[in-house]
Every structure is written in structure tokens, then in C-alpha cells.
Amino acid sequence: MIRYDDLIGVPFKNHGRDVKTGLDCYGLVMEVYRRCGIELPEFDADYDDVEKISQIIHGQQADTSAWKKCDRADLPVPCILAIRFGVPKGVVNHTGCYIGDGKFIHIRENIGVCVDRLDSPAWRRVIEGCYEYAGQEKGYPGNHTESV
């Protein structure tokens, strides 16, 4: 289980990468992965840049994506959740991170960091996919596996 209690209530900040001053949704995912010993690559997108966020998470081409789609019935910890929040089906504009026990951690602009259940009526229909970080072997920095 990932330790996250100190993150609850951290405020939203566009491009936020510091738990002391605020995080955006990807900044929070980066922090959760960091706590698991995995450094994720940075990307530059405003929190409301729906097209860019969707391209990053889905990957512009499947063979170059840093993320591998996971079976929702057997999610690894951590894994990123691609969420559509108030946008059409298939578009991703929000991310969260699965933390185990059917829960995910994410951040809301007016609420801050919070934890919700995957199966809650508010979220179960808007999670577009679940992805495990594949890392450098797909051409991205931050690979969490060591080569021998």
C-alpha cells in the first residue's frame, strides 16, 4: 500500500510539482510513483489542454507510448487512470493513480488531493483506461527497471 495520507488536501496548482506549494493531476501521479521508487518523465501541458493530455496518456502511436494498458480487473499498484471529466467519451483530461483496495488518489481544482473509489457512481463511468508505466524500453526516460 502506498503512503498518501500526507497528500490529502494539498491544493491544486497548474503545473504544480511540489507538495508544499501545490500539484496538478500529473504532478500528483508523479509524486505517487516517486514514492514507489519510479521516476516518471515530465511533460508540459496546462491542466485544461485536453488534446495534449489525451495524446500523452493514450500515446500518439501504441508502439511508442510510455504506458501499457492494464486489465481493470487486476490493476497493479501504482497505475495511472485516464479519466474524462466533463468531456466527450474517449477524451482524457484528468488523471488519477490507483493506490489499491479499489481506491484511487487524484486532485480536484477546488478541493485539492482526495481519494475516491473506482466503483463509485461518480467515477466508474468516466475512467477511460488504466495504464502501467512501461518506461524507457519504449523510448522514454525514467525507466524503473535495471538492466544487468
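Everything discussed here concerns the structure shown above.
Below: a short report on this structure.

Reading the values: the criteria
- Residues numbered from 1 in each chain as written.
- Predicted model: local features only at pLDDT ≥ 70, side-chain atom pairs only at ≥ 80, totals over all residues.
- Heavy atoms only, no water.
- Helix = DSSP H or I, 4+ residues; strand = E, 2+ residues; numbered from the N terminus.
- Phe/Tyr/Trp six-rings, centres within 6.5 Å; stacked < 30°, edge-to-face > 60°.
- Buried < 20%, exposed > 50% of the residue type's maximum accessible area, 1.4 Å probe, protein only.

**Describing unusual backbone geometry**
Each neighbour pair has its own omega, and for Val 77 with Pro 78 the value is -5 degrees, a cis peptide bond. Summarising the element assignment, Pro 78 is placed in the loop between β3 (67–69) and β4 (79–83). Despite not being glycine, Asp 101 has its phi angle at roughly 55 degrees, a positive value. Residue position: Asp 101 is located in the loop between β5 (94–100) and β6 (103–108).

**Structural notes on the packing of aromatic side chains**
In this structure the tally under the stated criterion is four aromatic pairs. Measuring from ring centre to ring centre gives 5.5 Å for Phe 85 and Trp 123, while their planes differ by 10 degrees; the resulting arrangement is stacked. Here the residue Phe 85 occupies a position in the loop between β4 and β5, and Trp 123 occupies one in the loop between β7 (112–117) and β8 (127–133), the gap between them amounting to 38 residues. The class of Trp 123 is buried, set by a relative accessible area of 4%. Judged by centre distance (5.6 Å) and plane angle (80 degrees), the rings of Phe 104 and Trp 123 are edge-to-face. A residue pair is termed long-range when its members are at least 10 positions apart, and Phe 104 in strand β6 and Trp 123 in the loop between β7 and β8 qualify at 19 residues. The residues Phe 104 and Trp 123 share a single accessibility class, namely buried.

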